[in-house]
Amino acid sequence: MDRMRVLLLGGGGREHALAWKMSQSPKLDQLFIAPGNGGTSELGTNVPIKETDFEAIKELILREGIHLVVVGPEAPLVAGIRDFMEADESLKDVKVLGSGKAGAELEGSKAFAKRFMEKVDIPTARYAEFGAEELDQAKAFLDEMKPPYVLKADGLAAGKGVLILEDRAEAESSLEDFLIKGKFGEASERVVIEEYLHGIELSVFVLTDGNNYVILPEAKDYKRIGEGDTGLNTGGMGSISPVPFADATFMQRVEDRIVKPTIQGLKNEAIPYNGFVFIGLMNVDGDPYVIEYNVRMGDPETETVMRRIDGDLLEALWLTADNKTAEVSLGVSDDHSACVMLVSGGYPEGYEKGKLMTIESVEDEQVVMFHAGTKRDEEGLKTSGGRVLAISANASNREEALNKAYSVVKKVDFERMNYRSDIGFDL
Ligand code: AMP
Ligand code: GLY
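A.B. asks: Could you give an account of the overall build of the chain, with specific residues and numbers?
C.D. replies: From N to C terminus, the chain includes 12 helices and 27 strands. The C-alpha atoms of the chain give a radius of gyration of 21 Å, which matches the 22 Å a tight globule of 427 residues would have. Taking the principal axes of its C-alpha atoms as reference, the chain extends roughly 60 × 50 × 45 Å. For the chain, with 427 residues in total, the buried portion stands at 57%. Counting contacts in the chain only where the partners sit at least 6 residues apart, residues at least 24 apart contribute 69% of the total. Within the structure as shown, the chain displays about 17600 Å² of accessible surface, and the carbon and sulfur contribution to it stands at 45%. Here the chain contributes 48 positively and 74 negatively charged side chains, and the mean placements of these two sets differ by 1 Å.

A.B. asks: So, helix H9 (residues 248-268): which residues are in play, and what are the values?
C.D. replies: Its 21 residues give H9 an end-to-end C-alpha distance of 28 Å, which sits within 8% of 30 Å, the value for a rise of 1.5 Å per residue. When the local axis directions of H9 are compared, the greatest deviation, roughly 35 degrees, occurs at Glu255. Looking at H9, one finds that the buried residues are Phe250, Met251, Val254, Ile258, Val259, Pro261, Thr262, Ile263, Gly265 and Leu266. Note on H9: the residue one or two positions beyond its end, Ala270, has a positive phi of about 55 degrees.

A.B. asks: Residue-level account of a nonpolar patch on the surface, with values.
C.D. replies: On the surface, Val162, Ile164 and Tyr196 cluster together to form a nonpolar patch covering roughly 250 Å² of accessible area. Its location among the elements puts Tyr196 in the loop between strand E9 (190-194) and strand E10 (200-208). Given the relative accessible area of 31%, Tyr196 is considered partly exposed.

About the thresholds
Residues numbered from 1 in each chain as written. Chains lettered and ligands numbered in written order. Predicted model: local features only at pLDDT ≥ 70, side-chain atom pairs only at ≥ 80, totals over all residues. Heavy atoms only, no water. Helix = DSSP H or I, 4+ residues; strand = E, 2+ residues; numbered from the N terminus. Rg over C-alpha atoms; globule rule 2.2 N^0.38 Å. Buried < 20%, exposed > 50% of the residue type's maximum accessible area, 1.4 Å probe, protein only. Contact = heavy atoms within 4.5 Å. Areas by Shrake-Rupley, 256 points an atom, 1.4 Å probe, with all protein chains shown as cover. Lys, Arg positive; Asp, Glu negative; His and termini not counted. Charge placed at Lys NZ, Arg CZ, Asp CG, Glu CD. Expected span 1.5 Å × (residues − 1). Bend = angle between axes of the 7 residues up to and from the residue. Patch = residues over 30% accessible without salt bridge, like charges linked within 9 Å, V, L, I, M, F, W, Y side chains within 5 Å. Salt bridge = Lys/Arg side-chain N within 4 Å of Asp/Glu carboxyl O.

Printed below as a string of structure tokens:
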């Protein structure tokens, strides 16, 4: 396909970064983003529809003659956008970059992901799963674990379904909250209890058609709101790529022990999969263990990963959607990339939206500002979310990339702007 009309679903920093990278492709004819944000509107046409409104998406695809749908977030995948499109005669020729409902269970159900890993022998924390009628067995299983206890609601719980608890009594009452009191409704009708892994986390990204794969640059994100990794969990306050401990030896282990069996598992289970696999890993003394799968790119990891990919991302996505990942050729730049997230005061708890933003222009090709929660109106650019702007900067080493990103932070202002000043502190 030489001139593609593309629809990107989503509206965060990840989607702005994907849109930015796809826009560099000579094969792009026109880009639509639904719903998009104040940054993506500079690269294509924002369409104000929800990413899970399948009927509206269908109408848009047909009206605009879309060839490829790239799905950013997990919600439309878990809800079955791909299955919806495949079942509709009028959408049969439109390609989708994203897994079907079956594959999305890797993210949508922790228990499914654990069983999947067990079957193909992928290193992961020892675990057991329990339903509501098994509260006593679940409590008994805690005896086999050492604290801290790791409890996970089976389904999607907006990032709040994982508890790590030192106290045994608290672990038991949380099990009751999940299984009996329905804390997260259907999502916590089952729980996974697993062993706590000690190590450092990183995120590895794979693009696959379920047969062949390409490993993208790895990244590390900083999830807590406070400096020194303290305070509440957020969607992510910053990221860096590459990750220093992910050297050739470590990445070879990741490929052999995790990526290859993951693809094999998809084949064994006959799960059609054309999309990203985000593997959350723990480095335990040099050995990688899977903490979780996601069926999308990470945010804010994408804001550094896209900065280090050399080559035509759009073509790679098209080929992958067309079962031709074997033909994908993407390079990885030697640059280091760092991203600092500017957030609304109060986030990740309550915060205000609609704050007018000022951004001084930056004359540096190595700096890109990815919009996460912004919106344009007659008065100008305004905040529209908790995570507002991701400042990403490249340089020949990590320290310089971080310094550059932080120097640009000073050029942005909005009421109650907040950010972490220690991204990369632990490396
Ligand atoms: P998840 O949603 O499964 O990624 O869990 C959220 C976070 O909890 C992860 O990013 C880890 O920081 C932490 N976590 C989850 N599982 C474990 C584990 N088995 N051992 C240690 N930390 C964990
Ligand atoms: N940054 C972690 C995530 O996207 O889930």
